[in-house]
Amino acid sequence: MNVKIGKNMLGKLDGYLKDTGINNLYIITDENINRLYYNSLQEALKEYNYNNYAFPPGEKSKSIYTVLSIYDNLIKNNIDRNTLIIGLGGGVVGDIAGFVASTFKRGINYIQIPTTLLAQVDSSIGGKVGIDYGGLKNVIGSFYFPNMIIIDILFLETLSNRDIICGLGEVFKYGLIADYNLFEFTSINLSNIYRKDEDILLNIINRSVAIKKDIVYRDKYDEGIRRILNFGHTIGHGIEAYYKFNKFNHGEAVILGMIYESHIAKGLGLIDERYFEKIYKVLKKLIVPIKFNIEEIKSLIKIMENDKKNVDGKITFVLPTGKGQVDLFNDIDEELIISSLKGGWF
Ligand SMILES: NC(=O)c1ccc[n+]([C@@H]2O[C@H](COP(=O)([O-])OP(=O)(O)OC[C@H]3O[C@@H](n4cnc5c(N)ncnc54)[C@H](O)[C@@H]3O)[C@@H](O)[C@H]2O)c1
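Predicted, not measured: the structure shown is a model, and the values here were computed from it. Counting restarts for each chain: residues are numbered from 1 in the order of the written sequence. Given that the model is predicted, a residue must reach a pLDDT of at least 70 before its local features are reported, and side-chain atom pairs must reach 80 or more before they are shown or counted; all residues, however, enter totals for whole chains, interfaces and linings. To get the side-chain values, take all heavy atoms of the structure and skip hydrogens and water.

Counting secondary structure elements, the protein contains 14 helices and 10 strands. The globule rule used for comparison is 2.2 Å times the number of residues to the exponent 0.38, while the radius of gyration itself is calculated over C-alpha atoms. Taking 346 residues into account, the globule formula puts the C-alpha radius of gyration at 20 Å, and the protein, at 20 Å, falls close to it. For the protein, the spread of C-alpha atoms along the principal axes amounts to about 60 × 40 × 35 Å. Each residue gets one of three labels from its accessible area relative to the maximum for its type: buried under 20%, exposed over 50%, partly exposed in between, using a 1.4 Å probe on protein chains only. Residues counted as buried form 57% of the 346 residues belonging to the protein. Comment: elements are numbered from the N terminus, with helices defined as DSSP H or I runs of at least four residues and strands as E runs of at least two.

The next point concerns the domain arrangement of the protein. Domain ranges listed in this record stem from an automatic or a database domain assignment. The domains assigned to the protein are domain 1 (3-158) and domain 2 (161-342). Between the C-alpha centres of domain 1 and domain 2 there is a distance of 26 Å. Note on definitions: a residue-residue contact is assigned when non-hydrogen atoms from the two residues lie within 4.5 Å. On the side of domain 2, 32 residues touch domain 1, which itself brings 25 residues to the contact. Once two parts are joined, some of their accessible surface, as seen by a 1.4 Å probe, is lost; buried area is that loss totalled over both. When domain 1 packs against domain 2, close to 2600 Å² is buried across both sides, 69% of that on carbon and sulfur atoms. Of all residues in domain 1, Leu117, Val121 and Lys137 give up the largest surface area on contact with domain 2, accounting jointly for 23% of the area buried on that side. A pairing counts as a salt bridge when a side-chain nitrogen of Lys or Arg comes within 4 Å of a carboxyl oxygen of Asp or Glu. Between Lys128 and Asp222 there is a salt bridge; the shortest N-O distance is 2.7 Å. Taken together, the elements giving at least two residues each to the side of domain 1 that touches domain 2 come down to β1 (3-6), α5 (117-123) and β7 (136-143). In terms of residue count, the dominant contributor to the side of domain 1 that touches domain 2 is α5 (five residues).

Residue Asn138 is not a glycine yet carries a positive backbone phi of 50 degrees. For Asn138, the location among the structural elements is in strand β7. With relative accessibility at 23%, the residue Asn138 sits in the partly exposed group.

Turning to the packing of aromatic side chains, a few remarks are in order. Only the six-membered ring of Trp is used, alongside the rings of Phe and Tyr, when aromatic pairs are assigned; centres must lie within 6.5 Å, and planes under 30 degrees apart are stacked while those over 60 apart are edge-to-face, with the rest tilted. One pass over the full model with this rule turns up 15 aromatic pairs. Seen in terms of ring centroids, Tyr110 and Tyr144 are 5.6 Å apart; in terms of plane orientation they differ by 10 degrees. Their pairing is stacked. With Tyr110 in strand β5 (residues 110-114) and Tyr144 in the loop between β7 and β8 (148-152), this pair connects stretches of sequence that are 34 residues apart. A relative accessible area of 0% means that Tyr110 is categorised as buried. Assessed through its relative accessible area of 22%, Tyr144 is described here as partly exposed. Here the aromatic rings of Phe276 and Tyr280 are separated by 6.0 Å at their centres, their planes lie at 5 degrees, and the arrangement is stacked.

Time to look at the pairing of strand β4 (residues 83-89). Burial analysis of β4 places seven of its seven residues in the buried class, the great majority of the element. Residues Thr83, Ile85, Gly87 and Gly89 of β4 are buried on one face, and the alternating residues Leu84, Ile86 and Leu88, pointing to the opposite face, are buried as well. In this description, strands pair whenever DSSP reports at least two bridges between them. Sheet topology note: the strand β2 (residues 24-30)/β4 ladder contains six bridges and is parallel. Looking at β4, one finds that Asn24 is bridged to Thr83. For β4 and β5, the ladder comprises five bridges, and the chain directions are parallel. When the bridges of β5 are listed, Ile85 appears paired with Tyr110.

What follows covers the sheet that holds β4. One open sheet accounts for six strands, arranged β1-β8-β5-β4-β2-β3; its pairing is parallel. Of all strands in the sheet, those bounded by a partner on one side alone are β1 and β3 (49-55). The sheet shows a mean angle of 15 degrees between the axes of neighbouring strands, direction not considered. As paired strands, β5 and β8 are joined by two bridges and run parallel to one another. Its bridge partner being in β8, Ile111 is matched across the sheet by Met148. Between N-to-C directions, angles cover 0 to 180 degrees, with each direction set by a line fitted to C-alpha atoms, over the stretch in contact for helices.

This brings us to the pattern of salt bridges. With the rule as written, the count across this model stands at 18 salt bridges. With a shortest N-O distance of 2.6 Å, Asp122 and Lys212 are connected by a salt bridge. Here Asp122 is found in helix α5, whereas its partner Lys212 is found in helix α9 (residues 198-218), with 90 residues between them in sequence. Pair check on accessibility: Asp122 and Lys212 agree, each one buried. One salt bridge in this structure joins Glu252 and Arg162, with 2.7 Å as the shortest N-O distance. Taken together, the residues span a long stretch of sequence, with Glu252 in helix α11 (residues 250-267) and Arg162 in helix α6 (residues 161-178) at a distance of 90 residues.

Every helix has an expected span of 1.5 Å times one less than the residues it contains. With 18 residues, α6 should cover 26 Å at 1.5 Å per step; its first-to-last C-alpha distance of 25 Å lies within 8% of that length. Of all the 18 residues making up α6, 14 are buried; the element is thus mostly covered by neighbouring parts of the structure.

UniProt positions are given in the numbering used here, feature names are shortened, and annotations may be inferred rather than shown by experiment. Taken from the UniProt record, the annotation "binding site: Zn(2+)" (unreviewed entry) applies to Glu170, His233 and His250. Spatial clustering of the annotated residues is evident: they stretch over 81 residues in sequence, but the largest pairwise C-alpha distance comes to 10.3 Å. Tracing the backbone through its elements, the reader meets Glu170 in helix α6. We classify Glu170 as buried; its relative accessible area is 1%. One can find His250 in helix α11. Using a relative accessible area of 17% as the deciding quantity, one classes His250 as buried. Not counting residues within four places of it along the chain, the set of residues in contact with His250 comprises Leu118, Lys137, Glu170, His233, His237 and Glu240. Throughout this description, a polar contact denotes any pair of N or O atoms lying within 3.5 Å of each other; where both atoms belong to protein, one of them has to be capable of donating a hydrogen while the other can accept it, and for residues adjacent in sequence the pair is counted only when both atoms sit in side chains. Among the polar contacts made by the side chain of His250, one reaches the side chain of Glu240 at a distance of 3.2 Å.

Structure representation (structure tokens):
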């Protein structure tokens, strides 16, 4: 995986693109990014022929309908296999651009330029591309690795605090699954991160990307170790889908998922009270946990039973087992799940 991380990378884009030898570009982005960065992009790409396709921002756009509109536009503009697709945006843009690149004319080259913290530390790395369908997240998709991933911290200057928090959820996840020092470092630097301190941002992005790259190298197609990246995602995806993807963003749902799943781990005796309290104290600074009622919990469990990560019809959980360590479990007593989600403990 060719990942470039730094500041003012748009200024260096021309040099990186020259290495690919491709002159025709097709940029897929969303309307927010288009509004904020169209001029800088025009300046960076002045020597290239390019088409630009911008769709409305947000998870609702991560659908087959957006993909179909892009196919129509690609065909209308006679885009061939000598074109390079650039996904410029957050995780929604990256997942769609990669999916289009993987399917159009049996696959064409693409690069990712992630513009949210979440996309920079997580979704742009690892080749998982796809869309939501039938109320289910990422249910249609493939593995398709970009030629290059260009991460520029300058994009984060315009990012809202809410979207910084979404990215932090994934950074804390890396800390809890693989590098407890990263968890501690990030937790004591929250205010520096909110004020977009460049050195701190580069530090957490570099460390997160290194962890994700290492895990993906060891298990490209999600058949083993890569599954630990789903910590917080079993309950997180359930919460996102329960609220029909319009109450919590992906990153927020993952933070909630990590809180409840850590509580389950404590209930199983996998981690002690002190470690659980540490995780809870840090994560609740990012998002206020919810006390779900029993009806809501039953619906959540039903959604989780449909999760593609499950094995033999049993819900699979990634649970913390020690500082910076997790493991997979798929025979969790339903009462433990219920009592965690009821939130009687906070
Ligand atoms: N493929 C993977 O491995 C993977 C991993 C994690 C998450 N995801 C997916 O990523 C998606 C979430 O990604 P996200 O949190 O980046 O959401 P997003 O793409 O919806 O972006 C969030 C918001 O920020 C705006 N935005 C983006 N960059 C900006 C910038 N620099 N300045 C100002 N505003 C900006 C967007 O327009 C949008 O409104 C979910 O669909 C999730 O399933 C995929």
